[in-house]
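In case you want the letters, here they are:
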Amino acid sequence: MKFTNSPMQEVSLNNRKIFIKRDDLLDINFSGNKARKFYYFYKNDFKNVKKLISYGSAQANSLYSMSVLAKLRNWDLDFYVKHISSYLKENPQGNYKASLENAANIIEKDVEDLNDYISKNLLQKDVLYIQEGGRVFEASFGIKILAQEIKDWQIKNNINDMIVCLPSGTGTTALFLQKYLDCEVITCSCVGKDDYLKKQFFMLESDENNHPLILKSTKNYHFGKLYLEFYEMYKKLKKETKIEFDLLYDPLGFITLINSKYFESDKTIVYIHQGGLLGNQSMIERYERKINFKK
Ligand SMILES: *Cc1c(COP(=O)(O)O)cnc(C)c1O
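Reading the values: the criteria
- Residues numbered from 1 in each chain as written.
- Predicted model: local features only at pLDDT ≥ 70, side-chain atom pairs only at ≥ 80, totals over all residues.
- Heavy atoms only, no water.
- Near = heavy atom within 4 Å.
- Polar contact = N/O pair within 3.5 Å; in protein donor to acceptor, adjacent residues only side chain to side chain.
- Helix = DSSP H or I, 4+ residues; strand = E, 2+ residues; numbered from the N terminus.
- Pairing = 2+ DSSP bridges.
- Contact = heavy atoms within 4.5 Å.
- Axes fitted to C-alpha atoms, helices over the stretch in contact; angles between N-to-C directions.
- UniProt positions renumbered as here; feature names shortened; annotations may be inferred.
- Buried < 20%, exposed > 50% of the residue type's maximum accessible area, 1.4 Å probe, protein only.
- Salt bridge = Lys/Arg side-chain N within 4 Å of Asp/Glu carboxyl O.
- Core = buried A, V, L, I, M, F, W, Y, C linked by side-chain atoms within 4.5 Å.
- Domains from an automatic or database assignment.
- Buried area = accessible area lost by both parts, 1.4 Å probe.
- Phe/Tyr/Trp six-rings, centres within 6.5 Å; stacked < 30°, edge-to-face > 60°.

Chemist: Can you help me understand the site of the ligand in this one?
Modeler: Lining the immediate surroundings of the ligand are 14 residues, of which Lys34, Lys37, Asn61, Thr170 and Thr173 lie closest. In this structure, an oxygen atom belonging to the ligand sits 2.8 Å away from a side-chain N or O atom of asparagine 33. Separating an oxygen atom of the ligand from a backbone N or O atom of glycine 169 is a distance of 2.7 Å. Listed by contribution, the elements that provide at least two residues to the shell around the ligand are α1 (33–43) and α7 (172–180).

See the structure below:
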């Protein structure tokens, strides 16, 4: 199991040199940043725990990573979701399917606030509760190691003027990176609007000075929907960098980065590849269907 020490790779994009921190090459089951975020729960002893509880979307990368974690640690996993589409139930695929194969109990519960529901009703002594997407302080344990790897690389290569860029879901990875790095961390909000991401930051860190900078996107994108410019960016990245990126977060990450003043500047850019490739297959199929339909 590889949870730390990913390589740094130099690539060229739009004729500009950038560095990619290849966290996608960490343990495949933990999908890049989930390896960092769940390292604490893998490494430490939880003597009395018998069950892991969490919630989120039925297709989330974190669901699959938690199903692997639970299996490794011999815990049950109860994963609550507000809604599972009938299509997915009839055609299990991606993270959902792989998690069921890992014996995850995926439980549909239509309540307004799942965090509130779980906190009030389900927590017992033998239960370990991890909030949606691993938005917990314990995530800082692994992300601190990521920050240290970047710092070591920086010193070794004599890099002074650096920025670190990564797209956000809950913002947990970006927030703790900003906390442990001395340079500026820039991100964009993929899951909700910018004020949602700001709120997420405040849940983990009350001092706004320690928050990453949120790059504005030119358009209001909805998470999980298909945008042809996302697919174009995915293919462009693959062609120019020879690296496969994910289709939910990275296209927006690169669109906002390329459109920002930082991309024009002389700063050394380090982009964190956070994995998430398990979901690509079904996304590519959806994009190809959409494109063929238009022809
Ligand atoms: C989970 C995930 C993210 C979001 O990470 P946060 O710490 O929640 O911001 C981004 N990219 C990929 C590929 C992920 O799996």
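Chemist: Please clarify how the sheet that holds strand β1 (residues 8–13) should be interpreted in this entry.
Modeler: Hydrogen bonds between backbone atoms are what pair the strands of a sheet, whose relative direction is either parallel or antiparallel. Taken together, the 6 strands give an open sheet; going across it, the order is β1-β2-β10-β7-β8-β9, and neighbouring strands pair in mixed fashion. Of all strands in the sheet, those with a lone pairing partner are β1 and β9 (213–214), marking the two edges. Here strand β2 (residues 16–22) pairs with strand β10 (residues 268–273) via 4 bridges, running parallel. Note on β10: the bridge partner recorded for isoleucine 20 is tyrosine 271. Contacts from helix α6 (residues 140–156) reach β1, β2, β7 (162–168) and β10, with the element oriented near 140° to β2.

Chemist: So what exactly am I meant to see when it comes to the UniProt feature "modified residue: N6-(pyridoxal phosphate)lysine" (unreviewed entry) in the chain here?
Modeler: On the UniProt side, "modified residue: N6-(pyridoxal phosphate)lysine" (unreviewed entry) is annotated at positions that read Lys34 here. Position of lysine 34 relative to the elements: it lies in helix α1. Overall, the relative accessible area of 9% leaves lysine 34 in the buried class. Ignoring anything within four residues of it in the chain, the contact list for lysine 34 reads Asn61, Ser62 and Ser65.

Chemist: What am I meant to see in the pattern of salt bridges here?
Modeler: Oppositely charged side chains can form a pair if their charged atoms are brought close together. Applying the stated criterion across every chain, the model contains 13 salt bridges. Note that glutamate 149 is salt-bridged to arginine 36, the shortest N-O span being 2.9 Å. Placement of the pair is glutamate 149 in helix α6 and arginine 36 in helix α1, with a sequence separation of 113 residues. Taking relative accessible area as the criterion, arginine 36 reaches 1% and is therefore assigned buried. For lysine 51, the salt bridge identified is with aspartate 78, shortest N-O distance 3.0 Å.

Chemist: What should I look at first to understand the nonpolar core in this one?
Modeler: Generally speaking, a soluble globular protein has its nonpolar side chains buried in company with each other. Counting 56 residues, the largest nonpolar core has Leu52, Val164 and Leu177 as its most contacted members. Looking at which element gives the most residues to this core, the answer is helix α2 (residues 61–73), with 6 residues. Each of domain 1 (8–28 + 138–294) and domain 2 (39–129) contributes no fewer than three residues to this core. With sequence-adjacent residues up to four places away left out, leucine 52 is seen in contact with Met66, Leu69, Ala70, Trp75, Asp76, Leu77, Asp78, Leu128 and Ile130. Cys190, Tyr234, Phe245 and Leu252 belong to the second largest nonpolar core, which has 32 residues in total.

Chemist: For this particular structure, what's the right way to read the domain arrangement of the chain?
Modeler: Bring the parts together and some accessible area is lost; that lost area is often taken as the interface size. Taken domain by domain, the chain holds domain 1 (8–28 + 138–294) and domain 2 (39–129). It is Glu138, Phe141 and Leu278 in domain 1 that bury the most area against domain 2; as a group they hold 57% of the surface buried on that side. Viewed at the interface, domain 2 and domain 1 are joined by 0 salt bridges. Viewed at the interface, domain 2 and domain 1 are joined by 0 residue pairs in polar contact (both at pLDDT 80 or more). It is α6 that contributes the most residues to the side of domain 1 that touches domain 2, 3 residues altogether.

Chemist: Help me understand the packing of aromatic side chains, please; the structure alone is not making it clear to me.
Modeler: Geometrically, a pair of aromatic rings is defined through the distance of the ring centres and the angle of the planes. Counted under the stated rule, the structure contains 21 aromatic pairs. For the pair tyrosine 40 and phenylalanine 141, a centre-to-centre distance of 5.6 Å together with 75° between the ring planes defines the contact as edge-to-face. Of this pair, tyrosine 40 sits in helix α1 while phenylalanine 141 sits in helix α6, and the two are 101 residues apart along the sequence. Residue classification places phenylalanine 141 among the partly exposed positions, given a relative accessible area of 33%. Each ring, one from phenylalanine 245 and one from phenylalanine 254, has its centre 5.1 Å from the other, and the planes form 80°; the classification is edge-to-face. Like phenylalanine 245, the residue phenylalanine 254 is buried in the burial classification.

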